[in-house]
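Next come the chains, spelled out residue by residue.
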Amino acid sequence: FCPGCRALQPPEPRPDFFRLMGCDRLFRIDAQQLQRRFRSLQRAVHPDRFGRRPPKEQYYSEQHSSLINKAYQTLLNPLSRGLYLLELNGVEPAKETDCDADSVFLMEIMEINEKLAEPKNEDILEEIETLIKGRFILKMKIQPSLCKLVMFYFISDDLQEAKALLAKMKYFANLEDKLKNKKIPS
Amino acid sequence: QAVAVGDAVPWQVVDHYENPRNVGSLDRNAKNVGTGLVGAPACGDVMKLQVEVDENGRIIDARFKTFGCGSAIASSSLATEWVKGKTVDEALQIKNTDIAKELCLPPVKLHCSMLAEDAIKAALADYKLKQDPTNNELEKKA
């Protein structure tokens, strides 16, 4: 907002989501603090509050609001947060095909996908979910969850490892989405 | 399962999605079967492509299983169609650009055709390795 006339200003051109949401540029965030910040920001700029303002301000309010939505969603989800952090650190997102990288891992993903696709497995979705989580933790061979491992890589500034692990997370995220869709009756 | 909304999906992609050719598996333990397993980290798609090669080095059967978007499924489906009847060396010539052109893939889905090309190469590399495990060049790659 302009300090002088209190009119809403356009959002800055290249916003840093972490700064916007009042978080340190780390993988670890305080989800509740993030949510509070999201709500208070939206209270200030949401288009519903600008119904009577000049069109330009209404437009800015829409821009602010969707930017805040985007920042919130990006930081809330660990996978998107990790990928965004990589981007901020100048690490290129993975584009090439995984050919040699960890064929055992890909095979496991393939097997789980196949299990999910079998119609008779509708009843054992819970089991499959446990299988996914269990297999993955076993693969990592340590107790902490996947997110903790990503956090570790970011803290030790091992961005290539973080990138590789986030790529794996992506496969699991897809599986989790499929599981969710199966659980919802169509 | 919804096909991507937004821009019109090319009918070629829809066709492969609704009538996929060669879905399934071959016996990965058979000596004349090559298995390629590839993943796309950006979108989390996984693709398995298998070829069965006869004693003359000609591909007589191919199967695929792909978990991902419609374009990825179509690309691998088309790939299995194309490799059948080709020799191993001929199949290695298949380019992702040909696949993309055949399916009229939009730019944003070009990586799917690349994934299919990589899957073909991986399957053929696996087959070659099985024929000649003492081949040093392939061992370095694997």
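Thresholds, definitions, all that
Residues numbered from 1 in each chain as written. Chains lettered and ligands numbered in written order. Predicted model: local features only at pLDDT ≥ 70, side-chain atom pairs only at ≥ 80, totals over all residues. Heavy atoms only, no water. Helix = DSSP H or I, 4+ residues; strand = E, 2+ residues; numbered from the N terminus. Expected span 1.5 Å × (residues − 1). Buried < 20%, exposed > 50% of the residue type's maximum accessible area, 1.4 Å probe, protein only. Contact = heavy atoms within 4.5 Å. Buried area = accessible area lost by both parts, 1.4 Å probe. Salt bridge = Lys/Arg side-chain N within 4 Å of Asp/Glu carboxyl O. Polar contact = N/O pair within 3.5 Å; in protein donor to acceptor, adjacent residues only side chain to side chain. Nonpolar A, V, L, I, M, F, W, Y, C, P; charged D, E, K, R; others polar. Core = buried A, V, L, I, M, F, W, Y, C linked by side-chain atoms within 4.5 Å. Domains from an automatic or database assignment. Pairing = 2+ DSSP bridges. Axes fitted to C-alpha atoms, helices over the stretch in contact; angles between N-to-C directions. UniProt positions renumbered as here; feature names shortened; annotations may be inferred. Phe/Tyr/Trp six-rings, centres within 6.5 Å; stacked < 30°, edge-to-face > 60°. Lys NZ or Arg CZ within 6 Å of the ring centre and 35° of its normal.

A few points about helix H3 (residues 55-76) of chain A
Residues and elements named next belong to chain A. For H3, with 22 residues, the first-to-last C-alpha span of 31 Å sits near the 32 Å given by 1.5 Å per residue. Restricting attention to buried positions, one finds in H3 the residues Glu57, Tyr60, Ser61, His64, Ser65, Leu67, Ile68, Ala71, Tyr72, Thr74 and Leu75. Where H3 is buried, its residues contact helix H1 (17-20), helix H2 (31-45) and helix H4 (78-88).

Description of the interface of chain B and chain A
Taken together, the 20 residues of chain B in the interface contact 19 residues of chain A. Summing both partners gives a buried area of about 1600 Å² for chain B against chain A, and 65% of it is carried by carbon and sulfur. Taken together, the connections running from chain B to chain A amount to 2 salt bridges. Across the pair Glu114(A) and Lys48(B) runs a salt bridge whose closest N-O atoms are separated by 3.8 Å. Applying the counting criterion to the chain B and chain A interface returns 4 residue pairs in polar contact (both at pLDDT 80 or more). Breaking the side of chain B that touches chain A down by element, the ones donating at least two residues are strand S1 (33-40), strand S2 (45-53), strand S3 (59-67) and helix H5 (110-131) of chain B. Looking at the side of chain B that touches chain A element by element, the count peaks at 4 residues for S1(B). Residues belonging to the side of chain B that touches chain A are distributed by class as follows: 10 nonpolar, 4 polar and 6 charged.

Side note on the nonpolar core
Core analysis: the largest hydrophobic core is formed by 34 residues, its most contacted members being Met21(A), Leu34(A), Leu75(A), Leu86(A), Val150(A), Phe154(A) and Leu166(A). Two domains share this core, each providing at least three of its residues, namely domain 1 (17-76) and domain 2 (96-183) of chain A. The residues contacting Val150(A), other than those within four sequence positions of it, are Phe27(A), Leu165(A), Leu166(A) and Met169(A). If you look at the next biggest cluster of nonpolar residues, it comprises 30 residues, including Val51(B), Ile94(B), Ile99(B) and Ile120(B).

As for the environment of Glu81(B)
All names here are of chain B. Along the chain, Glu81 turns up in helix H2 (residues 70-83). A residue is classified by how much of its surface remains accessible, and Glu81, at 33% relative accessible area, is partly exposed. Sequence separation between Glu81 and Asn22 is 59 residues; the distance between their C-alpha atoms is 7.6 Å. The contacts of Glu81, once residues within four sequence positions are left out, are His16, Arg21 and Asn22.

Topic: the sheet that holds S3(B)
Residue and element names in this part refer to chain B. The 3 strands lie next to each other as S1-S2-S3, forming an open sheet whose pairing is antiparallel. Of all the strands in the sheet, just S1 and S3 have a single pairing partner and so form its edges. Neighbour-to-neighbour, the strand axes of this sheet turn through a mean angle of 15 degrees, independent of strand direction. One ladder, built from 8 bridges, connects S2 with S3; its direction is antiparallel.

A closer look at the UniProt feature "domain: NIF system FeS cluster assembly NifU N-terminal" (unreviewed entry) in chain B
Under the feature "domain: NIF system FeS cluster assembly NifU N-terminal" (unreviewed entry), the UniProt entry names residues 12-131 of chain B. Counting secondary structure, residues 12-131 of chain B comes out at 46% helix and 22% strand; the distance between its end C-alpha atoms is 36 Å.

With respect to the pairing of S1(B)
Residues and elements named next belong to chain B. Of all the 8 residues making up S1, 8 are buried; the element is thus mostly covered by neighbouring parts of the structure. Here S1 shows two buried faces, one formed by Val33, Thr35, Leu37 and Gly39 and the other by Gly34, Gly36, Val38 and Ala40. Direction of pairing for S1 relative to S2: antiparallel, over a ladder of 8 bridges. Among the inter-strand pairings, Gly36 is bridged to a residue of S2, identified as Leu49.

What to know about the pattern of salt bridges
Residues and elements named next belong to chain B. According to the stated counting rule, one finds 9 salt bridges over all chains in the structure shown. The residue Arg21 makes a salt bridge to Asp15 at a minimum N-O spacing of 2.9 Å. A residue is classified by how much of its surface remains accessible, and Arg21, at 24% relative accessible area, is partly exposed. By relative accessible area, Asp15 is classed as partly exposed at 23%.

Overview of unusual backbone geometry
Trans peptide bonds make up most of the peptide bonds, and negative phi angles are found at most residues other than glycine. All names here are of chain B. Backbone geometry at Asn22 places phi at a positive 65 degrees, although glycine is not the residue there. With a relative accessible area of 16%, Asn22 lands in the buried category. At Cys104, a position not held by glycine, the phi torsion is positive, near 55 degrees. Within the element layout of this structure, Cys104 appears in the loop between helix H4 (96-103) and H5.

Brief notes about the packing of aromatic side chains
All names here are of chain A. Summed over all chains, the structure comprises 8 aromatic pairs over all chains. Centroid distance Phe17 to Tyr84: 4.6 Å. Interplanar angle 20 degrees. Geometry classified as stacked. With Phe17 in helix H1 and Tyr84 in helix H4, this residue pair connects regions lying 67 residues apart in the sequence. A single burial state applies to Phe17 and to Tyr84, both of which are buried. Where Phe105 meets Phe172, the ring centres are 5.8 Å apart and the plane angle is 50 degrees; that geometry is what we call tilted. Residue Phe105 is found in helix H5 (residues 103-117), and its partner Phe172 is found in helix H8 (residues 159-183); the two are separated by 67 residues along the sequence. By way of ring pairs, the aromatic residues Phe17, Phe18 and Tyr84 are connected into one cluster. We note Arg81 situated over the ring of Phe27; from NZ or CZ to the ring centre the distance is 5.0 Å. Taking NZ or CZ as reference, Lys168 lies 4.9 Å from the ring centre of Phe105, over its face.

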